[in-house]
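# A look at the structure
As a plain string of letters, each chain reads:
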2 protein chains.
Amino acid sequence: MRQTMKPARSKPPAPSFELKPYLDDRRERVNRFLDALLPATPARSGAPPTIEAAMRYSLSAGGKRLRPVLAIAAAEAVGGKISAAVLSVASSLELIHTYSLIHDDLPAMDNDDLRRGLPTNHKVFGEATAILAGDGLLTLAFELLSRPAVARAVAPRRLVEIIQEIAVASGHQGMVGGQLLDLQASRPAANGLGSPQTAPQAPIDEAALERIHRKKTGALIRASVRAGALVGGASSAALISLSRYGESIGLAFQIMDDILDVEGTSAEMGKTVKSDQTKGKSTYPAVLGLEASKRKLAQAIERALGALVRLGPAAEPLRAIAGYIASRRA
Amino acid sequence: MRQTMKPARSKPPAPSFELKPYLDDRRERVNRFLDALLPATPARSGAPPTIEAAMRYSLSAGGKRLRPVLAIAAAEAVGGKISAAVLSVASSLELIHTYSLIHDDLPAMDNDDLRRGLPTNHKVFGEATAILAGDGLLTLAFELLSRPAVARAVAPRRLVEIIQEIAVASGHQGMVGGQLLDLQASRPAANGLGSPQTAPQAPIDEAALERIHRKKTGALIRASVRAGALVGGASSAALISLSRYGESIGLAFQIMDDILDVEGTSAEMGKTVKSDQTKGKSTYPAVLGLEASKRKLAQAIERALGALVRLGPAAEPLRAIAGYIASRRA
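Residues numbered from 1 in each chain as written. Chains lettered and ligands numbered in written order. Predicted model: local features only at pLDDT ≥ 70, side-chain atom pairs only at ≥ 80, totals over all residues. Heavy atoms only, no water.

Before going further, it helps to examine the overall build of chain A. When you go through chain A residue by residue, the secondary structure sums to 16 helices and two strands. The buried share among the 330 residues of chain A stands at 59%. Long-range contacts, defined here as pairs at least 24 residues apart, represent 76% of the contacts in chain A between residues at least 6 apart. Of the roughly 12,800 Å² of accessible surface on chain A, 55% is carried by carbon and sulfur atoms. (Helix = DSSP H or I, 4+ residues; strand = E, 2+ residues; numbered from the N terminus. Buried < 20%, exposed > 50% of the residue type's maximum accessible area, 1.4 Å probe, protein only. Contact = heavy atoms within 4.5 Å. Areas by Shrake-Rupley, 256 points an atom, 1.4 Å probe, with all protein chains shown as cover.)

As structure tokens, then:
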């Protein structure tokens with residue numbers, strides 16, 4: 001709860017702060033934590049080896065670890081240390097993100113063969129195991145959050161708040177609902193929802209697009225920042241600021257994702273580029289045009305930085321991450 | 001925590017205790033609770049109507065509500081009242097059970113068209129929505145358990161224990177892992193796991209069968225009894241007794257399920273009977289023979305009743321439920 005009394009100015013990251021070593025270090029801590037959670041040579045967990053192998057495959061396929069890093073950075077921004085409890089909360093978010101990718105990639109959903117440059121889970125393990133691996137990762141997130149060691153380190157009342165935060169964001173009112181809206185807004189032929197009733201009658205507008213993305217990706221990104229702030233011991237005031245930050249970078253992240261789908265190269269993205277267009281997915285460039293999308297991205301980043309004004313130098317990593325989201329190439 | 005001092009004798013349900021009105025009443029309370037959780041005319045939950053309709057469809061398809069009733073009966077057995085917190089814990093178990101049925105029925109898994117006498121979720125809503133409805137129900141279970149109202153009614157430390165209990169039982173070391181083992185033990189042609197490596201080399205033995213079922217159905221049934229006992233305020237001693245009870249009826253339930261698959265009629269079961277045999281699923285009658293299966297069932301019930309010896313008349317419903325499991329027709 002250490003916070004500077006004098007509010008810092010909203011500004012781009014200070015040249016003195018080096019984001020890359022920060023990201024590398026925090027990612028590495030998350031990777032080590034996840035590695036210990038599902039070790040390559042399972043000791044005596046009692047779980048069937050195939051399910052652990054399938055869960056581990058997608059978890060270790062080298063994501064950006066954006067959500068756990070955001071959670072850690074938010075905890076640090078309010079004066080929290082990178083404890084085992086903070087890493088547990090952070091890693092639970094990556095478990096949920098990874099499960100959602102496995103299920104989204106299934107033939108009945110987006111039907112993707114490639115993810116992060118590797119064959120998708122069902123391509124390697126088959127559909128049945130992929131569905132179960134997703135179910136297992138989602139459940140493991142809540143199992144991890146409620147472990148006795150975490151409950152000893154975090155006030156149990158606050159821990160329950162964190163669980164609630166993450167569950168609401170990832171459920172049918174959040175991420176799961178957003179994926180359904182996204183499928184419904186896509187070209188009918190691209191998914192199993194192709195009946196005349198569910199096919200969109202007209203191209204969707206900006207408000208509908210924003211609703212999809214606020215749920216599909218925005219909710220969990222916002223929850224990552226909030227859960228990190230909660231486990232770090234945020235005051236109510238800091239929590240409000242960080243919620244606004246999380247909301248804004250969630251939107252920024254999605255706009256950038258859509259822009260990269262138009263502009264990026266396949267090698268950089270590790271997946272088939274322009275696959276959104278091919279599938280008739282609604283994107284910001286498709287709805288607003290590329291230039292207006294870039295302006296909207298800049299505005300979202302500006303709002304994110306504005307939300308951090310009252311947080312001091314400890315929020316420097318969060319400021320730098322906002323900048324990184326707007327400039328990433330993949 | 002009220003418990004009679006004098007232990008009652010292990011015995012079949014007293015003739016004075018009427019199970020049917022008890023089950024009807026407790027089921028009705030669970031049904032009302034679930035109905036309010038996902039109302040037919042959603043108010044302003046913000047969730048897409050389709051996902052709520054799909055979740056509601058399977059949830060209201062009229063199951064036995066065995067897991068929530070067990071949780072309530074366990075809470076009552078240790079002197080707990082049927083509070084909103086008890087109903088929340090009980091209902092979360094039905095949400096998880098229902099999600100597991102939706103996913104198990106998918107074409108990539110057991111490929112079932114009929115469940116509880118109705119078309120399966122993916123037959124009505126399509127595969128994509130069925131996968132998401134399952135994901136939504138699983139997440140809703142943890143969302144429900146961590147609601148502020150529940151956290152105010154149950155000591156947060158105990159609530160976290162309950163969440164842990166349920167998460168461990170339903171995850172890859174429990175139910176999800178059991179479903180994978182079950183698919184692997186089935187005839188390769190019946191599922192997507194038909195590579196020579198994963199096909200069983202020989203019919204499985206009793207130990208392997210018990211391992212599958214302890215995970216696939218036993219773990220969540222045991223967790224239902226334990227979670228109910230925890231929210232009801234069980235002492236450590238009562239919790240140990242009830243764990244043994246839960247384990248034994250979990251096994252009994254599965255043996256009976258397998259026996260009914262051989263002996264039951266389609267009308268009574270509401271699903272295609274002998275479908276286990278058709279799919280080459282391993283069952284107790286197939287591994288042990290019908291008579292030995294019935295003996296094993298009787299022994300499990302005896303163990304369940306024995307575990308309740310130290311609990312008083314408040315455990316009468318649990319005793320009656322053990323008897324019911326061994327005599328049910330569907």
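Next comes the rest of the write-up.
Turning to the relation of the copies chain A and chain B, a few remarks are in order. Take chain A, turn it by 180°, move it 0.0 Å along the axis, and it overlays chain B with an RMSD of 0.0 Å. As the rotation angle and translation indicate, the two copies are arranged about a two-fold axis. Considering only C-alpha atoms, the part of chain A nearest the rotation axis is A:Pro156, at 2.6 Å. Taken together, the interface assignments show that 100% of the residues at the interface of chain A recur at the interface of chain B, consistent with an identical surface on both copies. (Least-squares fit on C-alpha atoms with pLDDT ≥ 70 in both.)

The partner chain B presents 54 residues to the 54 residues of chain A that form the contact. Contact between chain A and chain B buries roughly 4,400 Å² in total, counting both sides, with carbon and sulfur atoms accounting for 70%. For the pair chain A and chain B, the interface holds zero salt bridges. The interface formed by chain A and chain B holds 10 residue pairs in polar contact (both at pLDDT 80 or more) in total. (Buried area = accessible area lost by both parts, 1.4 Å probe. Salt bridge = Lys/Arg side-chain N within 4 Å of Asp/Glu carboxyl O. Polar contact = N/O pair within 3.5 Å; in protein donor to acceptor, adjacent residues only side chain to side chain.)

Here B:Ala234 shows up in the loop between helix 10 (206-231) and helix 11 (236-263). The buried category is assigned to B:Ala234, whose relative accessible area is 4%.

Residues and elements named next belong to chain B. Between its terminal C-alpha atoms helix 10 stretches 35 Å, which fits the 38 Å expected from 26 residues at 1.5 Å a residue. A maximum bend of about 50° is found in helix 10 at Gly-218. Burial analysis of helix 10 places 19 of its 26 residues in the buried class, the great majority of the element. Residue Gly-233 follows helix 10 closely and has a positive phi angle near 90°. (Expected span 1.5 Å × (residues − 1). Bend = angle between axes of the 7 residues up to and from the residue.)

Let us now look at the packing of aromatic side chains. Residues and elements named next belong to chain A. In this structure the tally under the stated criterion is five aromatic pairs over all chains. Summarising the aromatic geometry, the rings of Tyr-57 and Phe-125 are spaced 5.6 Å apart at their centres and angled 70° between planes, so their arrangement reads as edge-to-face. Here Tyr-57, found in helix 2 (residues 49-59), pairs with Phe-125, found in helix 5 (residues 121-125); they are 68 residues apart in sequence, far enough to count as distant. (Phe/Tyr/Trp six-rings, centres within 6.5 Å; stacked < 30°, edge-to-face > 60°.)

Right, let's talk about the environment of A:Ala238 for a bit. Residues and elements named next belong to chain A. Turning to its location among the elements, Ala-238 is positioned in helix 11 (residues 236-263). For Ala-238, a relative accessible area of 3% gives the class buried. As a C-alpha pair, Ala-238 and Ser-146 span 92 residues in sequence and 25 Å in three-dimensional space.

Looking now at the side chain of A:Ser243. Residue and element names in this part refer to chain A. Relative to the assigned elements, Ser-243 resides in helix 11. In this structure Ser-243 comes out as buried when scored by relative accessible area, which is 7%. With residues up to four places along the chain from it excluded, the contact list for Ser-243 reads Arg-222 and Arg-226.

Residues and elements named next belong to chain A. Looking at chain A as a whole, the pLDDT averages 88, with 84% of positions reaching at least 70. Scored below 50 in pLDDT, residues 1-10 makes 26 contacts in the model with residues more than four places away or belonging to other chains. As scored by the predictor, the complex reaches a pTM of 0.91 and an ipTM of 0.90. (pLDDT = per-residue confidence, 0-100.)

Residue and element names in this part refer to chain A. Enumeration according to the criterion identifies 38 salt bridges over all chains in this entry. Note that Glu-76 is salt-bridged to Arg-26, the shortest N-O span being 2.9 Å. Of this pair, Glu-76 sits in helix 3 (residues 66-77) while Arg-26 sits in helix 1 (residues 19-37), placing them 50 residues apart in sequence. The same class applies to Glu-76 as to Arg-26, namely buried.

A few words on the side chain of B:His213. All names here are of chain B. Of note, His-213 is situated in helix 10. Of the residues examined, His-213 reaches a relative accessible area of 6% and is grouped as buried. Contact partners of His-213, with chain neighbours within four places excluded, come to Gly-218, Gln-254, Asp-258, Ser-282 and Tyr-284.

The subject of this paragraph is helix 15 (residues 290-307) of chain B. All names here are of chain B. For helix 15, spanning 18 residues, the distance from its first C-alpha to its last is 26 Å, which sits close to the expected 26 Å at 1.5 Å a residue. Regarding helix 15, the residues found buried are Ser-293, Lys-296, Leu-297, Ala-300, Ile-301, Ala-304, Leu-305 and Ala-307. Considering only its buried residues, helix 15 is in contact with helix 10, helix 11, helix 14 (284-288) and helix 16 (316-327).

Another aspect to go through is unusual backbone geometry. Residue A:Asn111 is not a glycine yet carries a positive backbone phi of 55°. By the secondary structure assignment, A:Asn111 is in the loop between helix 4 (84-105) and strand 1 (114-115). For B:Arg65, which is not glycine, the phi dihedral falls at a positive 60°. Of note, B:Arg65 is situated in the loop between helix 2 (49-59) and helix 3 (66-77).

With that settled, consider the environment of A:Leu95. Residue and element names in this part refer to chain A. On the secondary structure map, Leu-95 appears in helix 4. Distance from Leu-95 to Leu-305, taken between C-alpha atoms, is 28 Å for residues 210 residues apart in sequence. Among all residues touching Leu-95, those that are not within four sequence positions of it are Leu-34, Leu-37, Leu-59, Leu-137, Leu-140, Ala-141 and Leu-144.

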